[in-house]
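So the chains spell out like this:
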Amino acid sequence: MLPIRAAARLAALSLGLALVAGPALAQPKPNVVVMGEDADEDAVPRGNRIFQRVIAELSETMNLRGYNVYDETAVAMGFTQPNRVRRRDAELIEVARAVSNPPLDVVAVFQIYASASKSAYSDIVRPEVRIPGRLLNVRTGQSLGSFEVAGVQLPPLPQGCDRECLLERVGAEAKVIAGDVAAALTAKLDGVVAPRRGAEPGAGAAPGAGAAVAAAPGAEACSGLPTAYVVRMTGFSAQEVQAAEEYMAAFRCYEHHRPVRAGASAAEYWYETRSDSARLGRNLRLMLEHMSAPGQVQFSGNTFVLSRVATR
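The structure presented is a predicted model; accordingly, all values stated were derived computationally and were not measured. (Residues numbered from 1 in each chain as written. Predicted model: local features only at pLDDT ≥ 70, side-chain atom pairs only at ≥ 80, totals over all residues. Heavy atoms only, no water.)

1. Observations concerning the overall build of the chain
Per the secondary structure count, the chain includes eight helices and 13 strands. A sequence separation of at least 24 residues applies to 71% of the contacts in the chain between residues at least 6 apart. Of the accessible surface of the chain, which amounts to about 15,500 Å², a share of 52% is contributed by carbon and sulfur atoms. (Helix = DSSP H or I, 4+ residues; strand = E, 2+ residues; numbered from the N terminus. Contact = heavy atoms within 4.5 Å. Areas by Shrake-Rupley, 256 points an atom, 1.4 Å probe, with all protein chains shown as cover.)

2. Examining the confidence of the model for the chain
When the pLDDT values of the chain are averaged, the result is 85; 83% of them are 70 or greater. Every residue in residues 17-24 is under pLDDT 50, and counting partners more than four places away or in other chains gives twelve contacts. Counted against residues more than four places away or in other chains, residues 198-219, with its pLDDT under 50, gives 39 contacts. (pLDDT = per-residue confidence, 0-100.)

3. Thoughts on the nonpolar core
Within the largest apolar cluster, 32 residues are counted, with the highest numbers of intra-cluster contacts made by Val 54, Leu 58, Phe 110, Ile 112, Ile 131, Leu 135 and Leu 189. For this core, the secondary structure elements donating two or more residues are strand 1 (31-36), helix 2 (49-64), strand 3 (106-110), strand 5 (125-137), strand 6 (143-149) and helix 5 (163-192). Sort the elements by how many residues they give to this core and helix 5 lands first, with ten residues. With sequence-adjacent residues up to four places away left out, Ile 112 is seen in contact with Asp 42, Ala 43, Val 44, Ile 50, Phe 51, Val 54, Arg 130 and Ile 131. The next biggest cluster of nonpolar side chains, apart from the first, holds 23 residues, and it includes Ala 244, Tyr 247, Tyr 254 and Leu 284. (Core = buried A, V, L, I, M, F, W, Y, C linked by side-chain atoms within 4.5 Å. Buried < 20%, exposed > 50% of the residue type's maximum accessible area, 1.4 Å probe, protein only.)

4. What to know about the sheet that holds strand 10 (residues 254-262)
The sheet built from five strands is open, its strands ordered 10-11-9-13-12 with mixed pairing. Two strands in the sheet have a free side with no partner beyond their single neighbour: strand 10 and strand 12 (295-300). Shown here is a sheet whose adjacent strand axes are inclined to one another by a mean of 20°, direction ignored. Here strand 12 pairs with strand 13 (residues 303-308) via six bridges, running antiparallel. When the bridges of strand 13 are listed, Val 297 appears paired with Leu 306. Packing against the sheet, helix 7 (residues 238-250) makes contact with strand 9 (227-234), strand 10, strand 11 (266-273) and strand 13, and its axis sits at approximately 5° to strand 11. Helix 8 (residues 277-291) rests against strand 9, strand 11, strand 12 and strand 13 of the sheet, and its axis sits at about 15° to strand 13. (Pairing = 2+ DSSP bridges. Axes fitted to C-alpha atoms, helices over the stretch in contact; angles between N-to-C directions.)

Okay, here's the thing in structure tokens:
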């Protein structure tokens, strides 16, 4: 009779091969929401026409690059005040995490600083616009990249330019700059979700399993946003927890995992993967089936709870 560790490896190998034997499954692009941080009193506030032109340009550019971009007001108006201004990044992140339909993966946060300066040698007045932007993983808070456009010499304002003229001229320039920021941020996001071969040897899979899975006919690249989940197991024996860890390390698109806590009948893992939540949940249910361990799998937010169902 095989030891539990060897048996788990063989079972994990068969499970891994079963998951890649069918046709390739394309990973969906991340769901993105674009949000403006205007807590700084010097930043252009939400609702200003310059702000609206910038957020529209950022959203449109990322949308054209193939990302699923959602309007913040549309997805969060059920539990937030749509017209709130001067919001800090902590509030923006909390709102993004609170949205469950659709689940958001990435938040693109930007700021707008606009002003006009007069030349020291003439009456020429030039607008100045600076737009920093950054990408955050909604679930983990991981920074995925940042970019800023500043120091661009803009055309001077016409003589007698009033407030209406200033808003239109600066808004037009800010829109162009926002396009550059959006292009840079989407390039950074493209790099994060770039395809990667699943279950590569040495990537943490069980010995022998990774090579076989990577070499399996039709094995597709793992593309998708690297995402972290909490996997919590309760009611399992130490041997079953050990076997489950072998399984999880052999799943397709596995990146890394770390034990957070462990006890006699419970364990918790920080599990990083390029799989989406649907595939990971399916793999965990198949894992329990292969282990002949009656149990239930619940999922909420970024946490999977595996509960052992005791039987006579």
